[in-house]
Structure formats: structure tokens, C-alpha cells
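# Observations on the three-dimensional arrangement
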Amino acid sequence: MLEKKELCLIYGGSISGTLINAIVKGINSLLELGRSVGSAIRRGFSGNLCDF
């Protein structure tokens, strides 16, 4: 068992795998959003729209 003084000297890791995974998913979401918006703008200017 560690004593209270020893527990106070323990430092945790700075970046966890969960944090890295969340950052990567956020970046991928932003890239996908940019592709969607860019595609919509391009289709709007070219007049290549779907009619329902």
C-alpha cells in the first residue's frame, strides 16, 4: 500500500488514447463537413442539382 505522501508524488499521463481518438474523430468530422459543403457549392454553381 502507498502512503498518502507517496500518492501525492504520482503524476498521471498527459495525453490518453481516448483523448487522441476523440481529436482524430473531430478532425475527420470537420473534413467530411468541408467535403459536403464544397460539393454542395460546386453542384450549385454548375446547376447539377437533383430535382424531386
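So, here's what we can say about the structure. Note that this is a predicted model, so its numbers are computed, not measured.

The subject of this paragraph is a nonpolar patch on the surface. A contiguous nonpolar surface patch, about 630 Å² in accessible area, is contributed by Ile15, Leu19, Ile20, Ile23, Val24, Ile27 and Leu31. In this structure, Ile15 sits in the loop between helix 1 (4-8) and helix 2 (17-46). Note on Ile15: relative accessible area 56%, which makes it exposed.

What follows covers the pattern of salt bridges. Scanning the model with the defined rule gives 1 salt bridge in all. A salt bridge links Glu32 to Arg35, with the shortest nitrogen-to-oxygen separation between them at 3.4 Å. In this pair, Glu32 and Arg35 both sit in helix 2, 3 residues apart, roughly one turn of the helix. Glu32 sits in the partly exposed class, given a relative accessible area of 44%. By relative accessible area, Arg35 is classed as exposed at 54%.

The rules behind the values
Residues numbered from 1 in each chain as written. Predicted model: local features only at pLDDT ≥ 70, side-chain atom pairs only at ≥ 80, totals over all residues. Heavy atoms only, no water. Patch = residues over 30% accessible without salt bridge, like charges linked within 9 Å, V, L, I, M, F, W, Y side chains within 5 Å. Areas by Shrake-Rupley, 256 points an atom, 1.4 Å probe, with all protein chains shown as cover. Salt bridge = Lys/Arg side-chain N within 4 Å of Asp/Glu carboxyl O. Helix = DSSP H or I, 4+ residues; strand = E, 2+ residues; numbered from the N terminus. Buried < 20%, exposed > 50% of the residue type's maximum accessible area, 1.4 Å probe, protein only.

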